[in-house]
Each structure stands twice: as structure tokens, then as C-alpha cells.
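As a plain string of letters, each chain reads:
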Amino acid sequence: MTLPPPSLPHRGLQRRLLGWFVAGALPVVLVAGGFAYHLEDRRSDSETRRTLQDLVSAVERTVQIGAYSNDTVLLGEVAGGLVHHPRLQRVLVQAADGQVLVDLSRPVAAAGAAAAPPLQISHLLASPFDAREVIGRIELTADPQARQRAAREGALRLAAALMAQTLLVAVLLYAVVARLVSGPIVRIAEALRGMSPGTAARLPVPAGHQRDELGQLVGGANALLQASEQALVRERALRAEIEAMEAQYRQIFDSSSAGIFVLTPEGRLVNSNPTALRVVGWPAHGEPPLREADFLQAVFAQPQQMRAMIDRAMAEGRTLAADLELQPRDQAPRWVHCLVSPQRAAGAAQDLASPTLVEAVMYDVTERIRGEHAARRQAELDPLTGLLNRAGFLRFVEPLLARAPASLPLALLYIDLDGFKRVNDELGHAAGDQVLLACALRMKHLVRRGSDSVARLGGDEFVVVADGLAPDDPALARLSAQLLHSLCEPVSMPEGRQARLGASIGIAVSPHHGLALETLLAAADAAMYEVKRTGKNSFAMAGRQ
């Protein structure tokens, strides 16, 4: 395969060279023209001054006589003859007392803005009989336009000669350079352009250039052509080997039991194997829509977790792993164990700021997570009432207390059933369990779903967690009254019997009564015991800490 034809003519180098020679000659001509004009202007001034001096010398004797005799007619004739001279504009003759004897001017065209200042000479007139006596003066003013015209004509002649000389030198230099440098370079370029990559042909050395830089250039180019030919042969062999390895790796990639996918740092899908699509519950033909969409948003139930893991892996330059929940596609929650590794460009392995792609591997761990959740629920629930036990209560409340801002209120209602021991003693432990279950159901029905919770701490002690209720919130007082009223209602027992209970409720609110859970429980417990001490069957707010 040959190289594409050049966008410029083959002789573009020589044309540009000629253009550069001409462009370089023009400033020289302009500078030389300006310098020539300056010289001609000075020469014209000197010549005009000599001409005026010669005119004064020619008419000095006659003007002396006319001025001495005050003969204005004679002076006018002399001045009239002088003003007809092409370089003279004005003749002025004055007496010794300043009286103007003759003042003749030749009209000229109006001067332009750049007209030269007038050139004048003034000569004192002596008496024709006594050279020591001054009887007046004569003043001649040159025509500035004639002086400029003479300078311009002389400068143009000189500039034309300089331009011709400079252009001649430029053409000669171009011819020499084209013969010795640019012509051979153009021929070498044309020969090189006609060669195919990896060809065995070599460039010929231009005649007469075997020992100079052009010969070295051709020798270096031939060495590169030989190296290119050898590299192309090696590249073809390597390409065949790489294609075979790629086929093997592609087979491993596609048949892997693990889901493998490649993302951009922004979370866009670049590539994935069929297992990855199967794990996330997406059919194989759905991969293109996944590439067009936000992969993390479309696949993970909480995409911010995956984004945070990617950002951390890129920042720390290491592999991170986590269990992540997938978007529910069959109404059943599913989880994967995901490993994320940043991949960097070649040569940038030590530069943590330049990751280009993110590789991720995922395994379906739904069954394991479900088992862990079931075990955790079993460990955190009271087996009798189904309410949170103490461990579940701690796990529920501690994140609420640790959230920001800490100023959000969180109310704890510490409840102790009054008369429960009597029910156990009189009706038996089975009846006591039935009473506890009934009370638990009543409390669960009264709290708000999604934000509040009920826990059994042990025996007949319960805690209601009410999120977002301040001490002076009417809803907190209303909830306390409803709990108290519901727990004081009789509990129906078998054989038509009834168990009657009461309740004492102590209330503590974070952050008003403390920020630590132990502090809040102690405050609520103290308020509850104060209710018991003062008559039971009531509720009270803890004192401010």
C-alpha cells in the first residue's frame, strides 16, 4: 500500500523557498528606499542651498546699487528675474531700517500635511562705495515642493537600482539553493512517497551529495526503511500470536463463572461477559441499552455505594470488595460480592491520578446474605413478642443518635407494666406471656411505621423509639397518652377471665436530655420510677440535664 498523495504540489518546497527569498528581499528594498530618500533629501537641501547662494552672488552687485539708490524699479526687475528660477519661490529685499523694498513670490500649489519646512538664506547688503556700511539685506526662499520633488525622483532612481540588485541576488541565491538543497530534497521526497511500507527498495543518493548532509540524510532514511521492514515482519508474527492469545482469553472471559465487567471512572459500561449480565438479571441482548444508560443506576439498588467504592479504589490505587444489593427485577432482593480494581494506562502505573478504566468482578451471594439476614433477625428479635430485643434496639437506635445534625430530636419512652407480677403469680406464666404479647401488639399498632420502633428490654420493660418528636411536641404527649390508655385496657384471657394492668412511662429526648444512649436510658428510667413513686399509671418527662 502506498501513501496518499500530498495535499500540496511536489514542488511546494521550492515555491515556498522562492517566496521566502522574495519576502526577505522586500524589507531590504523598503529600508534601502527610505535610506535613499533620506540621503536624497539631504543632498537636495545642500544643492538648493548652493543654488540660492549662487543666485545671491550673481545679483548682489545690482541689488546693492538698487538698495543704495532706493531704486525699487531696478530691484523689482532683478527680483522678477530671480523668482522665475524653478527652485526659487520668493525674493525679499529690505533696507537697513527694515523697510521692504521688494517682496516678490511665485505662486505654488498648497502644501500637504507632510510638506518640508521652507529653506531660506539671508544675505546682508553692503554699500557699493563702502564695504563696511550695511544698507539692507536680501532673503531668498526656496520652493519646498520643488525640493521634495527632486528628492523623491532621486530616491526612486536609487531605490529602483537597489531593488533590481536585491531581487537579482535573491534569484541567484534561490537558484543555488534549489540546485544544491531543495531540488534534491524534493526528488528524495517523491521517491520516498512512492515506496510501500516494508518495501525492500531504498532511496538513491543524489549525485554529488555522497559526502555531505544530504548523503547522510539518505543513508539514515535507508536505515530507517530497513528497520521498518524488519519491524513489520516481526509485527506480523506478533499479531498472529496475539490474535491466538486473544481468542483464548475471550473464551475464558465469556465462559467464566464470575461476572466480569469494565467501567469508566464515571460508571459507564465499556464491556462485560455474559455471566455478568446473567448475574444482574439482564438478558444477553440487553447489553447495548446498559451501555447507553447509567450502569450503576440501572443495576445496583444503592448505586452511591458502588460509586463510593470506585472513587476510593481509584484514590488508593488498590482493589476493594463489598457486598452490594442489586435492583429487584423479580421482587426478590438479590446481592452480589463485588471486587473493584482501577486499571491505569501503560507507563502511568505509579501515577494514582491517571486511572483510565475500572475492572469489576461479581459473584451472586444472595443465599449467603439471606442466611446472614435471617440469623441477624433471629438474634435481634424477642422470641415471644417479635419485638426488637436489647441487641436489636441498640442496632436500631445508635445510627439515629450518630446521624448529622445531632440536633434532630429522638424520643425514648421507657415503659414498665404495673401489676404484671401479680398476673404471673395468680394466672401463671402462660397467661403472663399472653399479656406480654397483647401489650406488644397494642404498642406496635400505635407507633408510626417506618420511623418509630418498639423493643422489649427484658421482663415487662419496653422502650418505644419515636423519631423527630421534641419534648414540647404535642404529638409526643398524644403518643404517650395513647400508649398509657391502650396498656391499661383489660387483656382477655381463656375461660372468660381478664387481666388488668397499668403502665408507668418515663420519657427522655435527645439532645435535650443527653446525646449518649446510656444517658438517655438512665434519664427515661429515672422519670419512669418517679411516676411509680407518685402513683403509677401515668407518664412524665425527664428533667433537663
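Scroll up for the structure.
On a predicted model such as this, the values are computed, not experimentally measured, just so you know.

What counts as what
Position labels on residues start from 1 in each chain and follow its written sequence. Only residues with pLDDT of 70 or above have their local features reported here, since the model is predicted, and side-chain atom pairs are shown and tallied only from 80 upward, although totals for entire chains, interfaces and linings are computed over all residues. In computing side-chain values, all of the structure's heavy atoms are included and hydrogens and water are not. Runs of H or I in DSSP of at least four residues are treated as helices and runs of E of at least two as strands, each being numbered from the N terminus. To sort residues, take the accessible area from a 1.4 Å probe on protein chains only and compare it with the maximum for the residue type: under 20% means buried, over 50% means exposed, and anything in between is partly exposed. The contact rule is simple, with two residues in contact once any of their heavy atoms fall within 4.5 Å. To be clear on the numbers: accessible area is Shrake-Rupley with a 1.4 Å probe, and residue cover counts the displayed protein chains and nothing else. Two strands make a pair as long as DSSP finds a minimum of two bridges between them. Axis definition: a line fitted to C-alpha atoms, limited for helices to the stretch in contact. Angles are taken between N-to-C directions and run from 0 to 180 degrees. Whenever Lys or Arg places a side-chain nitrogen within 4 Å of a carboxyl oxygen from Asp or Glu, that contact is recorded as a salt bridge. Side-chain atoms alone can form a polar contact between residues adjacent in sequence; in general such a contact is a pair of N or O atoms within 3.5 Å, and within protein one must be able to donate a hydrogen while the other accepts it. Two rings from Phe, Tyr or Trp (for Trp, the six-membered ring) form a pair when their centres sit within 6.5 Å of each other. Planes less than 30 degrees apart are called stacked, planes more than 60 degrees apart edge-to-face, and all others tilted. An expected span of 1.5 Å times one less than the residue number is assigned to each helix. Here, the arc refers to the directions that run from the helix axis to the C-beta atoms. When an angle is under 35 degrees it counts as roughly parallel; over 145 it counts as roughly antiparallel; between 65 and 115 it counts as roughly perpendicular; any other value is oblique. Each residue gets one label: Ala, Val, Leu, Ile, Met, Phe, Trp, Tyr, Cys and Pro are nonpolar, Asp, Glu, Lys and Arg are charged, and the others, such as Gly, are polar. Residues enter patches when they are more than 30% accessible in relative terms and free of salt bridges; like-charged ones are connected within 9 Å and nonpolar ones (Val, Leu, Ile, Met, Phe, Trp, Tyr) within 5 Å. Disulfides are defined as pairs of cysteine sulfur atoms found within 2.5 Å of each other. In this text, buried Ala, Val, Leu, Ile, Met, Phe, Trp, Tyr and Cys residues form a nonpolar core when linked through side-chain atoms within 4.5 Å.

Draft legend 1. Structural detail: the overall build of the chain. The number of helices and strands found in the chain is 14 helices and 16 strands. A burial count over the chain gives 38% of its 545 residues as buried. Within the chain, counting contacts between residues at least 6 apart in sequence, those at least 24 apart form 62% of the total. For the chain, the accessible surface area stands at approximately 30700 Å², while carbon and sulfur atoms represent 58% of it.

Draft legend 2. Up close: the sheet that holds strand S3 (residues 120-126). Read from one edge to the other, the open sheet built from four strands follows the order S2-S1-S4-S3, with strand pairing classed as antiparallel. In this open sheet, the two edge strands, each paired with only one partner strand, are strand S2 (100-105) and S3. Between one strand and the next, the sheet's axes are offset by a mean angle of 15°, whatever the strand orientation. Note that strand S1 (residues 88-95) and strand S4 (residues 134-142) share seven bridges and pair antiparallel. Of the residues in S4, the one forming a bridge with Gln 94 is Arg 137. Relative to the sheet, helix H2 (residues 72-83) contacts S1, S2 and S4, its axis offset from that of S2 by approximately 25°.

Draft legend 3. Highlighting the pattern of salt bridges. Considering all chains together, one arrives at 18 salt bridges under this definition. Between Arg 239 and Glu 235 there is a salt bridge whose closest N-O contact spans 2.8 Å. Placement of both Arg 239 and Glu 235 in helix H4 (residues 213-255) is noted, with a separation of four residues, approximately one turn of the helix. Overall, Arg 239 belongs to the partly exposed group, its relative accessible area being 44%.

Draft legend 4. The environment of Leu 381, seen in detail. As for its placement among the helices and strands, Leu 381 is situated in the loop between helix H9 (366-380) and helix H10 (390-402). A relative accessible area of 33% places Leu 381 in the partly exposed class. Along the backbone, Leu 381 and Arg 456 are 75 residues apart, and their C-alpha atoms lie at a distance of 8.9 Å. Leu 381 has contacts with Gly 386, Leu 387, Leu 388 and Asn 389, leaving out every residue within four places of it along the chain.

Draft legend 5. Main features of the side chain of Asn 273. Take Asn 273: it is sitting in the loop between strand S6 (269-272) and helix H5 (274-279). Judged by relative accessible area, Asn 273 falls into the buried class, the value being 0%. A distance of 3.0 Å separates a polar atom in the side chain of Asn 273 from the backbone oxygen of Ala 258. A polar contact is formed between the side chain of Asn 273 and the backbone nitrogen of Ala 276, at a distance of 3.0 Å.

Draft legend 6. Geometry of the sheet that holds strand S16 (residues 538-541). Spatially, the five strands line up as an open sheet ordered S11-S12-S10-S15-S16, and their pairing is mixed. Strands at the two margins of the open sheet, each flanked by one partner only, are strand S11 (453-458) and S16. Geometrically, the sheet is characterised by an average inter-axis angle of 20° between neighbouring strands, direction not taken into account. Across seven bridges, strand S10 (residues 410-418) lies against strand S12 (residues 461-467) in antiparallel orientation. Each residue of the ladder has a partner; that of Asp 416, found in S12, is Glu 461. Running at roughly 160° to strand S15 (residues 502-510), helix H13 (residues 474-487) makes contact with S10, S12, S15 and S16 of the sheet.

Draft legend 7. The packing of aromatic side chains, seen in detail. Here the structure, examined in full by the defined rule, presents two aromatic pairs. Geometrically, the ring pair formed by Tyr 68 and Phe 129 is edge-to-face, given 5.2 Å between the ring centres and 70° between the ring planes. With Tyr 68 in helix H1 (residues 12-69) and Phe 129 in the loop between S3 and S4, this residue pair connects regions lying 61 residues apart in the sequence. Note on Phe 261 and Phe 295: the rings are 5.1 Å apart at their centroids and 45° apart in plane angle, and the pair reads as tilted. Residue Phe 261 is found in strand S5 (residues 259-263), and its partner Phe 295 is found in helix H7 (residues 295-299); the two are separated by 34 residues along the sequence. Across the pair, Phe 295 and Phe 261 agree in class, each one buried.

Draft legend 8. Fine view of H13. Look at H13: 20 Å from first C-alpha to last across 14 residues, which is about the 20 Å you get at 1.5 Å a residue. Burial in H13 covers these residues: Leu 476, Leu 479, Ser 480, Leu 483, Leu 484, Ser 486 and Leu 487. Along the axis of H13, the buried residues cluster in a sector spanning 170°; they form a single face. Exposed residues lying more than 90 degrees from the buried face of H13 are Pro 474 and His 485. Close packing links the buried residues of H13 with S10, helix H12 (429-446), S12, S15 and S16. Between a side-chain oxygen at the N-terminus of H13 and the backbone nitrogen of Ala 475 the separation is 2.9 Å; the capping residue is Asp 473.

Draft legend 9. Representation of the packing of helix H11 (residues 420-427) against H12 within the structure. At a closest axis distance of 7 Å, the pairing of H11 and H12 adopts a crossing angle of 140°. The angle between the axes of H11 and H12 places the two elements in the oblique class. Contact residues: Phe 420, Val 423, Asn 424 and Leu 427 in H11; His 429, Ala 431, Gly 432, Val 435 and Leu 436 in H12. Looking at the contact of H11 with H12 residue by residue, the classes come out as six nonpolar, three polar and no charged.

Draft legend 10. Fine view of a nonpolar patch on the surface. A cluster of nonpolar side chains, Val 22, Leu 26, Met 163 and Leu 167, forms an exposed patch at the surface whose accessible area comes to about 300 Å². Of all the elements in the fold, those that place two or more residues in the nonpolar patch are H1 and helix H3 (144-193). Counting through the fold element by element, Leu 26 comes out in helix H1. Overall, Leu 26 belongs to the partly exposed group, its relative accessible area being 45%.

Draft legend 11. Inspection of the state of the cysteines at higher detail. Within the structure shown, the criterion is met by zero disulfides. With no disulfide of its own, Cys 488 lies closest to Cys 439 among cysteine sulfurs, the gap being 9.5 Å.

Draft legend 12. Region of interest: the nonpolar core. In terms of nonpolar packing, the biggest core is built from 33 residues, with Leu 413, Ile 415, Leu 417, Val 435, Met 443, Val 464 and Leu 483 touching the most fellow members. Mapped by element, the contributors of at least two residues to this core are S10, H11, H12, S12, H13 and S15. When residues in this core are grouped by element, the largest group, seven residues, is from H12. Not counting the four nearest positions on each side in its chain, Val 464 is found in contact with Ala 411, Leu 412, Leu 413, Ile 415, Met 443, Val 447, Ser 453, Val 454 and Leu 483.

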